[in-house]
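Read off the chains here:
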Amino acid sequence: MDRLRQRADFLAVANGARVNSPAFVLQSRRRDDGGPIRIGFTVTKKNGNAPERNRIRRRLRELVKRLDPVSMQPHHDYVLVGRRDALSRDFATMLDDLRIAFAKPARHTPKGPKAVPRDKPQTGLMTRE
């Protein structure tokens, strides 16, 4: 298992499927290459100061170390986005949450501009005649 380190990889995974938990959000994305499973960790600044964010990140890394890699799908990238509850939540409960997140079918919420159906006429457009 490798680590995600490039910003572009994190952004690509952010557009993939996600599973929510009280202590983290698991984002996943299938890759087309035959590479190993890669995982990244991130915690936003709204979750506390640097020592608190580092502690959340350390707890997330330890969760992944204790998780059986068989539960992860091959040729996938994963990102664990830490939440503030990761500081106070029981570690065993978080481990169960992570197992459930990997087993649960992910909810796909694509980001970006919403597509306009082609069969409907677009109103409000200025045309030159």
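Keep in mind the model is a prediction, meaning the values are calculated, not measured. (Residues numbered from 1 in each chain as written. Predicted model: local features only at pLDDT ≥ 70, side-chain atom pairs only at ≥ 80, totals over all residues. Heavy atoms only, no water.)

(A) View of the environment of Arg 84. In this fold, Arg 84 is placed in the loop between strand S5 (76-82) and helix H3 (91-103). Arg 84 sits in the partly exposed class, given a relative accessible area of 38%. Placed 31 residues apart in sequence, Arg 84 and Arg 53 show a C-alpha to C-alpha distance of 8.4 Å. (Helix = DSSP H or I, 4+ residues; strand = E, 2+ residues; numbered from the N terminus. Buried < 20%, exposed > 50% of the residue type's maximum accessible area, 1.4 Å probe, protein only.)

(B) Local environment of the packing of aromatic side chains. As enumerated under the stated definition, the model contains 1 aromatic pair in all. Pairing Tyr 78 with Phe 102 gives two aromatic rings, centres 4.9 Å apart and planes at 80 degrees, and the pair type is edge-to-face. Here Phe 102 lies in helix H3 and Tyr 78 lies in strand S5, a separation of 24 residues in the sequence. Considered together, Tyr 78 and Phe 102 belong to a single accessibility category, that of buried residues. (Phe/Tyr/Trp six-rings, centres within 6.5 Å; stacked < 30°, edge-to-face > 60°.)

(C) Here's a closer look at the environment of Asp 96. Looking at where Asp 96 falls in the secondary structure, it is placed in helix H3. Along the primary structure Asp 96 and Leu 63 are separated by 33 residues, whereas in three dimensions their C-alpha atoms are 9.6 Å apart.

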